Amino acid sequence: MERTLFLVKPDAMQRGLAGEIIGRLERRGLKIVGMKLLQMDRALAEQHYAEHRGKPFFEGLVAFITSAPVIAIAWEGKNAIGTVRATIGSTDPAAAAPGTIRADLGLEKGRNLVHASDGPESAARELALFFAPGELVGWQRDVDGWVIE
């Protein structure tokens, strides 16, 4: 099982798309093991986007992600990182594959609805930014389906 961080960004929240977005990932077989609604402050935003510090678009990223509440979700599943990334599509909605979240619901590259960890290392780092160790729950499969551990 693999875990990954996913953010429903301010533009999705403002447009009332959180339920649609979360539902698409649940239908892919992923399980929510942590979720919280938060207003990201500048310090957390700077930590989250640390790899972009010094780039021309850094301040815009920080301003946007702190402009409205976000939902942080820890997803778990087989190949969770790849499944999430395939489901959301390319960063630019105009280039995203039809049927992906960004192709179907996105409006522009800078306001692309969601964030998803891009690999195991970033997933571990990002999950630790948004969730304390005891905040994530585990699931296991039994004969009746998925049950919480």
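Residues numbered from 1 in each chain as written. Predicted model: local features only at pLDDT ≥ 70, side-chain atom pairs only at ≥ 80, totals over all residues. Heavy atoms only, no water.

A.B. asks: Looking at this model, I keep getting lost on the environment of leucine 136. Mind explaining?
C.D. replies: Along the chain, leucine 136 falls in the loop between α7 (120-130) and β5 (139-142). Taking the C-alpha atoms as reference, leucine 136 lies 8.4 Å from methionine 35; in sequence the two are 101 residues apart. Those residues in contact with leucine 136 that lie beyond four places of it in its chain are Arg3, Val33, Gly34, Ala74 and Phe131. (Helix = DSSP H or I, 4+ residues; strand = E, 2+ residues; numbered from the N terminus. Contact = heavy atoms within 4.5 Å.)

A.B. asks: I keep staring at helix α4 (residues 58-65) and nothing clicks. Help me out?
C.D. replies: Residues lying three or four places apart along an α-helix face the same way, a consequence of the helix completing one turn every 3.6 residues. Among the residues of α4, those classed as buried are Phe58, Val62, Phe64 and Ile65. The buried residues of α4 occupy an angular sector of 165 degrees when the element is viewed end-on, so they sit on one face. Looking at the buried positions of α4, the neighbouring elements they touch are α1 (10-14), α3 (42-48) and β3 (70-77). (Buried < 20%, exposed > 50% of the residue type's maximum accessible area, 1.4 Å probe, protein only. Arc of directions from axis to C-beta.)

A.B. asks: Help me out: how do you make sense of unusual backbone geometry in this one?
C.D. replies: It is generally the case that most residues other than glycine have a negative phi and that most peptide bonds are trans. Its identity is not glycine, yet asparagine 79 carries a phi of approximately 55 degrees, on the positive side. Summarising the element assignment, asparagine 79 is placed in the loop between β3 and α5 (80-88). Judged by its relative accessible area of 46%, asparagine 79 is partly exposed. At leucine 113, a position not held by glycine, the phi torsion is positive, near 75 degrees. Mapped onto the fold, leucine 113 is located in the loop between α6 (101-105) and β4 (114-116). We classify leucine 113 as buried; its relative accessible area is 0%.

A.B. asks: What is the right way to look at the nonpolar core in this model?
C.D. replies: Across soluble globular proteins, you tend to see nonpolar side chains buried next to one another. Ranked by size, the top nonpolar core spans 20 residues in total, and within it Phe6, Val8, Ile21, Trp75, Val84 and Leu113 carry the most contacts. Of all elements in the fold, only β1 (2-8), α2 (18-27), β3, α5, α6 and β4 reach the threshold of two or more residues within this core. Sort the elements by how many residues they give to this core and α2 lands first, with four residues. Leu7, Leu38, Val62 and Ile65 belong to the second-largest nonpolar core, a separate cluster that totals 17 residues. (Core = buried A, V, L, I, M, F, W, Y, C linked by side-chain atoms within 4.5 Å.)

None of the figures reported here should be taken as evidence of function without further support.
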